[in-house]
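# Reading the structure
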Amino acid sequence: MGLQNAPWQRLDQPALSSMTTHQTWCRVTLYNPTVLKVGGTYKMWYLGNRSQTRVSDMDLGYATSDDGLHWTEHPDNPILTGDDLPETYCWQTPHVILDENRYRMWFVMSTSQRNDRGVQISYAQQLGYAESPDGLSWKVHPEPLYPSGRRPCVLKDGPNAYRMWMNSSPEPDG
């Protein structure tokens, strides 16, 4: 039975988690999914990592499902890594929409500066953006869209118009 015909369901085990995955890149953390239904297929983008630190190897994965319950992870996961981001080391909170045959993704990218002793002296979470024709091959915008941000949520609000909700510092340096 597909999700569209069923009342709210809670499975005994997670549909996709760091404990159920067979992919090693996300065996410590697998979280923060965005799910779209395109045609008859559910598409999910999610974050994962393989180390306990959660800062040096946070990557973006992709999976599909016919029913929204049983997921097939993309064999080439992760589809994006921290190396694909400008001047950053960590992804956070991606949000994907499909807009006129183009996938658009807003996300937070964290940057950090350390002094010569390795002590962190600054930390910033900036709003990033990427586009894709297929949801797999992403072109990441080379600079942050906004200097502060956390957990963007975006809806299309008309032709070439979007509405975003996001946590942010009141001032870029604050």
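Residues numbered from 1 in each chain as written. Predicted model: local features only at pLDDT ≥ 70, side-chain atom pairs only at ≥ 80, totals over all residues. Heavy atoms only, no water.

## Thoughts on the overall build of the protein
- The number of helices and strands found in the protein is zero helices and 10 strands.
- Sequence-ordered secondary structure for the protein, helices as α and strands as β, is β-β-β-β-β-β-β-β-β-β.
- Of all 174 residues assigned to the protein, the portion counted as buried reaches 44%.
- Considering only contacts in the protein between residues 6 or more positions apart, those separated by 24 or more positions represent 41%.
- When the accessible surface of the protein is split by element, carbon and sulfur atoms take 49% of a total near 10300 Å². (Helix = DSSP H or I, 4+ residues; strand = E, 2+ residues; numbered from the N terminus. Buried < 20%, exposed > 50% of the residue type's maximum accessible area, 1.4 Å probe, protein only. Contact = heavy atoms within 4.5 Å. Areas by Shrake-Rupley, 256 points an atom, 1.4 Å probe, with all protein chains shown as cover.)

## Let's talk about the environment of Gln-52
- By secondary structure assignment, the location of Gln-52 is in the loop between β2 (41-49) and β3 (59-65).
- Its relative accessible area of 69% is what places Gln-52 among the exposed residues.
- Separated by 24 residues in the primary sequence, Gln-52 and Val-28 place their C-alpha atoms 6.7 Å from one another.

## Examining the pattern of salt bridges
- The tally for this structure, following the rule as stated, stands at six salt bridges.
- Among the salt bridges present, the one from Arg-104 reaches Glu-131, with a minimum N-O distance of 2.7 Å. Pair noted here: Arg-104 is in strand β6 (residues 102-114) and Glu-131 is in strand β7 (residues 120-132), with a separation of 27 residues, a long-range link.
- Ionic pairing is found between Asp-157 and Arg-163, a salt bridge with its closest N-O pair at 2.9 Å. (Salt bridge = Lys/Arg side-chain N within 4 Å of Asp/Glu carboxyl O.)

## Thoughts on the confidence of the model for the protein
- With 89% of its residues at a pLDDT of 70 or more, the protein shows a mean pLDDT of 85.
- Ranking the elements of the protein by mean pLDDT puts β7 last with 83 and strand β4 (residues 72-73) first with 96. (pLDDT = per-residue confidence, 0-100.)

## A few points about the nonpolar core
- Core analysis: the largest hydrophobic core is formed by 19 residues, its most contacted members being Trp-45, Leu-60, Trp-91, Val-96, Met-105, Phe-107 and Trp-138.
- Of all the secondary structure elements, the ones that give two or more residues to this core are β2, β3, β5 (90-99) and β6.
- No other element matches β6, which puts four residues into this core.
- The contact partners of Leu-60, leaving out residues within four places of it in the chain, are Trp-25, Trp-45, Tyr-46, Leu-47, Pro-78, Ile-79, Leu-80, Pro-94 and Met-105.
- Among the nonpolar cores identified, the runner-up in size contains nine residues, and Leu-16, Trp-25, Cys-26 and Ala-63 belong to it. (Core = buried A, V, L, I, M, F, W, Y, C linked by side-chain atoms within 4.5 Å.)

## Structural notes on the side chain of Glu-73
- With respect to the helices and strands, the residue Glu-73 is situated in strand β4.
- For the buried Glu-73, no salt bridge exists, and the shortest N-O distance to an oppositely charged side chain is 8.4 Å, to Arg-27.
- A polar side-chain atom of Glu-73 sits 2.6 Å from a polar atom in the side chain of Thr-21.
- Only 3.5 Å separates the side chain of Glu-73 from the side chain of Tyr-46, close enough to count as a polar contact.
- Aside from chain neighbours lying at most four places away, what touches Glu-73 is Leu-16, Thr-21, His-22, Gln-23, Cys-26, Tyr-46, Tyr-62 and Ala-63. (Lys, Arg positive; Asp, Glu negative; His and termini not counted. Polar contact = N/O pair within 3.5 Å; in protein donor to acceptor, adjacent residues only side chain to side chain.)

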